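A closer look at the structure
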There are 2 protein chains.
Amino acid sequence: MVIILKSIGRVHSPFKKKEDIEPGKYANKQGFKKIEGELEIEEEFAQGLSDIEGFSHIFVIFAFHKSEGYKLLTIPLLGETPRGVFATRSPHRPNPIGLTVLKVIKRQGNIIRVSGMDMIEGTPIIDIKPYTPRDQKEGIQIGWLTDKIK
Amino acid sequence: MVIILKSIGRVHSPFKKKEDIEPGKYANKQGFKKIEGELEIEEEFAQGLSDIEGFSHIFVIFAFHKSEGYKLLTIPLLGETPRGVFATRSPHRPNPIGLTVLKVIKRQGNIIRVSGMDMIEGTPIIDIKPYTPRDQKEGIQIGWLTDKIK
């Protein structure tokens, strides 16, 4: 089954290319906390952003547009052992789709100012969703990532 | 820009059709906690599930395959006031893509047994990602949803 999606907007980020995000530098939980950027949604979809400024956090689903190919077992940035790609957040995956949680600073029309930015300039945005209490999980276990992030 | 994805597997759920998920019944934070189901990943991608059983929770990105059309302002299940579609989790959105966090019970080969199931039988799976500390947000604000979910 094939699923055809369209970009609804673009990311503006201080990271202009992949190499600007140094491996390890942002690995801890708060790594990207202070990195700000913008989500610019195309005018035709802007009305769909109504009410979003009431939420402190949003999910962004985006395309890893610089991803080329994938391996089912991949060596993650944090580690040396190959791991199943679905147990990583690698951009190189069967469907090159990314997911991140951003903090909403403000919205002005079709532009949302955010922090927690970990995407690169020009990243195509696929969807935005509110982060809700159901998305807050406690007492989590993180397998191979244990002790690799603080 | 068009993004072409493929289904990597299918959901098996006690909810056989949309109407089996009664509006309101599952609205609280723990609503789907006890609902179990399975993610059946196609054999060609099964190796990518390695290491996933080390994580207590996973994100599933899936297609709302029963969604037809959308409105940028939509009346959510929980409420009477139209809201911007990106401030809701409505299945009727410009890109009919859903996101949920599931608890991993166990994995056997290409099948992951999970709880927290809120999808319907046959839902096409697009991606699976580990839920990590970066996805845990505290002190969140939830705008129009405030007081609507417990």
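As the structure is a computational prediction, the values presented were derived from the model and not from experiment.

Turning next to the layout of surface pockets. Residues and elements named next belong to chain B. Considered as a void within the structure, the second largest pocket measures approximately 1,300 Å³ in volume. Around the second largest pocket, the lining is made up of 44 residues, and of these Phe 64, Leu 77, Arg 89, Ser 90 and Pro 91 lie nearest the centre. Taken together, the elements giving at least two residues each to the lining of the second largest pocket come down to strand E4 (57-63), strand E5 (73-74) and strand E7 (97-108). Sort the elements by how many residues they give to the lining of the second largest pocket and E7 lands first, with four residues.

We now examine the sheet that holds strand E9 (residues 124-130) of chain A. Residues and elements named next belong to chain A. Pairing within the closed barrel is antiparallel, and its six strands lie in the order E2-E3-E8-E7-E4-E9. Ignoring which end each strand starts from, the neighbouring axes of this sheet average 45° apart. Pairing between strand E4 (residues 57-63) and E9: five bridges, direction antiparallel. If you follow Phe 62 over to E9, its bridge partner there is Ile 125.

Residue and element names in this part refer to chain A. Most of E9 sits inside the fold, with seven of its seven residues counted as buried. Relative to E9, strand E2 (residues 9-12) is paired through two bridges, and the arrangement is antiparallel. Bridge pairing in E9 links Gly 9 to Ile 125.

Further remarks concern the sheet that holds strand E2 (residues 9-12) of chain B. Neighbouring strands of a sheet are bound in pairs by backbone hydrogen bonds; such pairs are parallel or else antiparallel. All names here are of chain B. Read once around its circumference, the closed barrel built from six strands follows the order E2-E3-E8-E7-E4-E9, with strand pairing classed as antiparallel. The average undirected angle you get between the axes of adjacent strands in this sheet is 45°. Bridging between E7 and strand E8 (residues 111-115) involves five bridges; their strand directions are antiparallel. Looking at E8, one finds that Arg 107 is bridged to Ile 112.

Okay, the environment of Arg113(B) next. Residue and element names in this part refer to chain B. Here Arg 113 is to be found in strand E8. The spacing of Arg 113 and Glu 36 is 77 residues in sequence and 7.3 Å in space, taken between C-alpha atoms. For Arg 113, the side chain forms a polar contact with the side chain of Glu 38, separated by 3.4 Å.

Attention now goes to a negative patch on the surface. Residues and elements named next belong to chain A. Taken together, the side chains of Glu 40, Glu 42, Glu 43 and Glu 44 make up a negatively charged region of the molecular surface. Looking at the element boundaries, Glu 40 is found in strand E3 (residues 36-41). Given a relative accessible area of 32%, Glu 40 falls into the partly exposed group.

What counts, and where the lines are drawn
Residues numbered from 1 in each chain as written. Chains lettered and ligands numbered in written order. Predicted model: local features only at pLDDT ≥ 70, side-chain atom pairs only at ≥ 80, totals over all residues. Heavy atoms only, no water. 1 Å grid on protein atoms, 1.4 Å probe; cavity = no way out; pocket = protein on both sides within 12 Å on 5 of 7 lines; lining within 4 Å. Points joined across faces, edges and corners; volume = space filled by probe spheres on them. Helix = DSSP H or I, 4+ residues; strand = E, 2+ residues; numbered from the N terminus. Pairing = 2+ DSSP bridges. Axes fitted to C-alpha atoms, helices over the stretch in contact; angles between N-to-C directions. Buried < 20%, exposed > 50% of the residue type's maximum accessible area, 1.4 Å probe, protein only. Polar contact = N/O pair within 3.5 Å; in protein donor to acceptor, adjacent residues only side chain to side chain. Patch = residues over 30% accessible without salt bridge, like charges linked within 9 Å, V, L, I, M, F, W, Y side chains within 5 Å. Areas by Shrake-Rupley, 256 points an atom, 1.4 Å probe, with all protein chains shown as cover. Salt bridge = Lys/Arg side-chain N within 4 Å of Asp/Glu carboxyl O. Lys, Arg positive; Asp, Glu negative; His and termini not counted. Charge placed at Lys NZ, Arg CZ, Asp CG, Glu CD.

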